[in-house]
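Here are the chains, one letter per residue:
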Amino acid sequence: MSAGVPTGHGDPVDALAEHGGAHPCLASATPAPAPAAHSLLVQTLEQAIDGVVVIDERNEVVVFNAAAERIWGHPRDAVLGHDVRMLMPMEMRARHDANLHRHRVTGVNRIVGTEVEVPIECADGSRRQALMAVSQIRFEGRSLYCAFVRDNTQHRELLAHQRLLSTAVDESDIAMIVGGADQRIVFANAGCQRMFGYSLHEMVGQRLGDLLMGPHTDPATLQALTAAQDCGQQSFATELLAYTKDGRPLWVSTAVNPVHDAQGLVCNFVSVLTDITQTKLHEVLQFRVLDAMARETPMLDLMLLLCREVERTAPELIASILQVDDQGRLRTLAGPSLPPAYCAQIDGLPIGPVVGSCGTAAWRNAPVLVTDIATDPLWADFKGLALPLGLRACWSSPIRGGDGQVLGTFAFYYREPREPSALHRRLVDVSLHLCALILEREKTKAHIHQLAFYDTLTGLPNRALLRAKTERALHEAQRTGTPLAVLFVDLDRFKQVNDTHGHLVGDGLLVELAQRLRGVARAGDIIGRLSGDEFVAVLPDCGGSQAVAAVERLVAAVAQPMVVHGVALHPRASVGVALYPADGGDIDTLIRHADMAMYQAKTHERGSFRFFSAELNRQAHERAMLEADLREALGPAGGLALHYQPKVTAEAGRVCGVEALLRWQHPRLGAVPPLRFVALAEDCGLVHALGHWVLGEACRQMADWRARGVPVPHVAVNLSASNFLDASLPGVIAGLLQRHGLASGDLTVEMTESVMLNPDPVVLATVQAVHALGVKVSLDDFGTGYSSLSHLHRLPITELKLDRSFVQDIEHDPMARALTVSVLRIGKTLGLTVVAEGVETEAQRRFVADEGCPVVQGYLVSKPVPAEALEDWLQLKPTGAG
Ligand SMILES: Nc1nc2c(ncn2[C@@H]2O[C@@H]3COP(=O)(O)O[C@H]4[C@@H](O)[C@H](n5cnc6c(=O)[nH]c(N)nc65)O[C@@H]4COP(=O)(O)O[C@H]3[C@H]2O)c(=O)[nH]1
């Protein structure tokens, strides 16, 4: 601080006076200011808003008013007499001195007389911006400078803020519009100009509603917008379809807010408009359609919804969705704004290279844009349908599945010749994606439905669907009081076809059978596959006599010869019929009863049919019980036994073997005939167990006889045809012989002619394997079956048993005698031992013996008896090989 500088807060002019010995401010105006004028000057300086700083030729501050104190934060005493540089930021100080010096020397200064913005450094070290106007004062030969300084910091910040604000407003994509109290536009930002294509000039003075309105703007929404402004509603928001200057539709979300003045009156409206076209597409279309899909809305409803949403988004459009069916025909799925008659005429059109927009798009698997239906050759054949309805242009795009295959078409019709807009293109992109999703999902659903309810091989309804359909048919029959027939169809010898020719042929047979069943069915009949070769036909409104006709047609259709994979087949089916309401009131009972009737038909005569009856029902029950009892009898509980009937030489009557015959003493029913329970065992899968039991018991008995020296040359065991389908049979026999210490010659197996008829190679192989063990094979009941002589050489047979029926009639039937003689000749020719069965009288024995029959068996000799009884009998008889 320089000497002589006042240190107290005094009059700003006094400081200069003290410094220069006078009052410089006044001195410049008048030679000697009056005290009143001086005081006025001082007050003026003190009250000034601007800071006033005066420096002398030594650059020392000589005036520093109250405003300057406020700006810098320095008390006057700390500044007066000090170099003015203390008030400047460090970096400016050197420049300041140089400038002042230059001005003093040259009189040139760019600052003097101008207003410049300068940074200032405050007492607390902070910086502020100030506007400074500098003037030079010539005072008593001295050159002083006076600076009027105004703190500009706030103003500058305000400006910066406003600049940012206007940048934000103008650079935003959102349209902002300010309207006056009369709702006419006074300002629109650059975003609004970009969004709608109008210049500010074009918008100013217009009403918002008038600016946005276009051909498809919802008038009600517009009205609500205007009404909200009219009543100065606090804020109003809506979505509406607006139009740009060039007529492009645009979905905008609009929010209008009133601005109030100090008196609470509306002085402005600020409207903010956002382009939500994209959002609308995704949110409305995707969200609504996907949401509906998630809620399992049916396919047609989904397509309808999609069309409606598209048309709501772009009301100038007419949307249409078509599906391409398996035959390559167009099928209408949705077209809510198209006249139904037009849709009906499109429905069923085959796709092709010149079939309007949709048929061609599907054909080309590419979008087809026809901007003028009237002139485009693709519409030559169809414009007569479209033009009268006002359809002038059509843009169709193929809907493609995941594999690129065309599932359908999605099309826009226009009411005037034109091209699609950018919005339409976006709509198509989104919609095609949704259509593909819907159609693919439908396909998957159909596939799942097919898998769940249809038999994959034949395409017929499976058990589940058959049940459901039959239940509906039964309900209807009950309601209308009409009869209904249930047919249970079972292919005869299907297993043999499968085993002999393989599953491919078996499958082919089933497929063909299914077709034949479909072929004879009337409309409304239900045909289904239960399992394997079992089919069911349900014939509504069908009584007994119609059922006979239907079943005859069915049996005849099935019996037509067919060739499957080169194999000629002569299928036959056995059919059982149950009638509603007589044979049952529910599906399960009716199918069960039809099944029982079918079984009866099969048992009596394959390829025939039977109606269910109460008697059948009773038999079936009995059969089921018997089956359970037979299973028990085969277990530890027992009940089965073997009786033995001797075979003796015809002449000498020497025992040459015994035949083991199975007996079942049923605890309740008494003795059950073997033919009955053996057949039952065949049906219920017990035949192998039964065969093994008989073999085991016969071997055990034989071993016992051997051990005790009972003279039985060999034992013959009956085996069913099915036993020879069991490839393990030779191993079982070998094991039994070994376990019981028997020679293979001790055992003979008897089989019926039906074994020879079985074409299954396993049968022949098994018989040969049994024979290879050394076990003799005897052909039972010879002459009764269908076997031709040619079959005889196929099997390794050692014995023929002449059926009892011939022997019985020998005495009074020449034919029986002739046949007996023939069989004996055949046996002799082929080197086979012939055993005459069922010899009851001496005359019969005499005849067969005279004709050269070596061995006889029958009641004449002995009835089948238990082992102990046979032993007693043997003691009275001579033995030896016959
Ligand atoms: N009227 C009359 N009948 C006579 C005379 N001599 C024997 N029979 C009967 O004729 C049948 C002869 O047996 P099959 O022809 O093999 O016919 C057998 C055989 O096919 C079958 N069978 C018996 N036991 C078994 C067995 O263990 N396994 C298998 N798979 N079938 C058996 O049952 C059929 C019937 O057996 P059965 O009732 O025991 O009847 C036996 C026997 O008792 C006679 O002089 N007059």
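Look a little higher up for the structure.
Residues numbered from 1 in each chain as written. Predicted model: local features only at pLDDT ≥ 70, side-chain atom pairs only at ≥ 80, totals over all residues. Heavy atoms only, no water.

Chemist: Could you give me a rundown of the overall build of the protein, with the residues and numbers involved?
Modeler: Across its full length, the protein carries 33 helices and 31 strands. Per-residue burial for the protein yields a buried fraction of 47% across its 882 residues. When the accessible surface of the protein is split by element, carbon and sulfur atoms take 56% of a total near 41,000 Å². (Helix = DSSP H or I, 4+ residues; strand = E, 2+ residues; numbered from the N terminus. Buried < 20%, exposed > 50% of the residue type's maximum accessible area, 1.4 Å probe, protein only. Areas by Shrake-Rupley, 256 points an atom, 1.4 Å probe, with all protein chains shown as cover.)

Chemist: Give me the lowdown on the side chain of Thr153, citing residues and values where you can.
Modeler: The topology assignment puts Thr153 in helix 7 (residues 153-171). When its relative accessible area of 14% is taken as the criterion, Thr153 is described as buried. Engagement of the side chain of Thr153 in a polar contact is seen with the backbone nitrogen of Gln129, the distance being 3.0 Å. Only 2.6 Å separates the side chain of Thr153 from the side chain of Asp151, close enough to count as a polar contact. Not counting residues up to four positions away in its chain, the partners in contact with Thr153 are Arg128 and Gln129. (Polar contact = N/O pair within 3.5 Å; in protein donor to acceptor, adjacent residues only side chain to side chain. Contact = heavy atoms within 4.5 Å.)

Chemist: Let's hear about helix 25 (residues 687-708): which residues, and what values?
Modeler: Count 3.6 residues to each turn of an α-helix, and residues three or four apart come out pointing the same way. The terminal C-alpha atoms of helix 25, which comprises 22 residues, lie 31 Å apart, in line with the 32 Å expected from a rise of 1.5 Å per residue. A positive backbone phi angle near 75 degrees is found at Gly709, which sits one or two residues after helix 25. (Expected span 1.5 Å × (residues − 1).)

Chemist: Quick one: what's the story with the nonpolar core, residue by residue and with numbers?
Modeler: One finds Leu630, Leu640, Tyr644, Trp705, Phe724, Ile733 and Leu870 to be the most contacted residues of the largest nonpolar core, which totals 79 residues. Ranked by residue count, the leading element in this core is helix 25, at nine residues. Ignoring anything within four residues of it in the chain, the contact list for Phe724 reads Leu719, Leu729, Val749, Met751, Val755, Val762, Val763, Thr766 and Val767. Counting 34 residues, the second largest nonpolar core, distinct from the first, contains Ala292, Leu302, Trp395 and Leu432. (Core = buried A, V, L, I, M, F, W, Y, C linked by side-chain atoms within 4.5 Å.)

Chemist: Tell me about a nonpolar patch on the surface, and name the residues and values.
Modeler: A contiguous nonpolar surface patch, about 290 Å² in accessible area, is contributed by Val186, Phe187, Leu200 and Val204. On the basis of relative accessible area, Val204 is assigned to the partly exposed category, the value being 39%. (Patch = residues over 30% accessible without salt bridge, like charges linked within 9 Å, V, L, I, M, F, W, Y side chains within 5 Å. Salt bridge = Lys/Arg side-chain N within 4 Å of Asp/Glu carboxyl O.)

Chemist: Would you mind going over the pattern of salt bridges in detail, with residue names and values included?
Modeler: Where charged atoms of side chains with opposite charge meet at close range, the side chains can pair. Tallied over the full model, the rule gives 43 salt bridges. Between Glu91 and Arg127 there is a salt bridge, with the nearest N and O atoms lying 3.0 Å from each other. With Glu91 in helix 6 (residues 90-106) and Arg127 in strand 4 (residues 127-139), this residue pair connects regions lying 36 residues apart in the sequence. The salt bridge involving Lys647 is made with Glu799; its shortest N-O contact spans 3.2 Å. Taken together, the residues span a long stretch of sequence, with Lys647 in strand 23 (residues 640-649) and Glu799 in strand 29 (residues 799-802) at a distance of 152 residues. A single burial state applies to Lys647 and to Glu799, both of which are buried. Counted as one network, the salt bridges with shared partners bring together Lys647, Glu659, Glu750, Glu799, Lys801 and Glu837.

Chemist: Can you break down the site of the ligand residue by residue, with the values?
Modeler: For the ligand, the set of nearby residues contains 22 residues, the closest of which are Arg663, Asp780, Arg804, Glu840 and Tyr859. The separation between a nitrogen atom of the ligand and a polar side-chain atom of Gln645 is 3.0 Å. Taking 780 Å² as the accessible area of the ligand by itself, protein coverage stands at 85%. (Near = heavy atom within 4 Å.)

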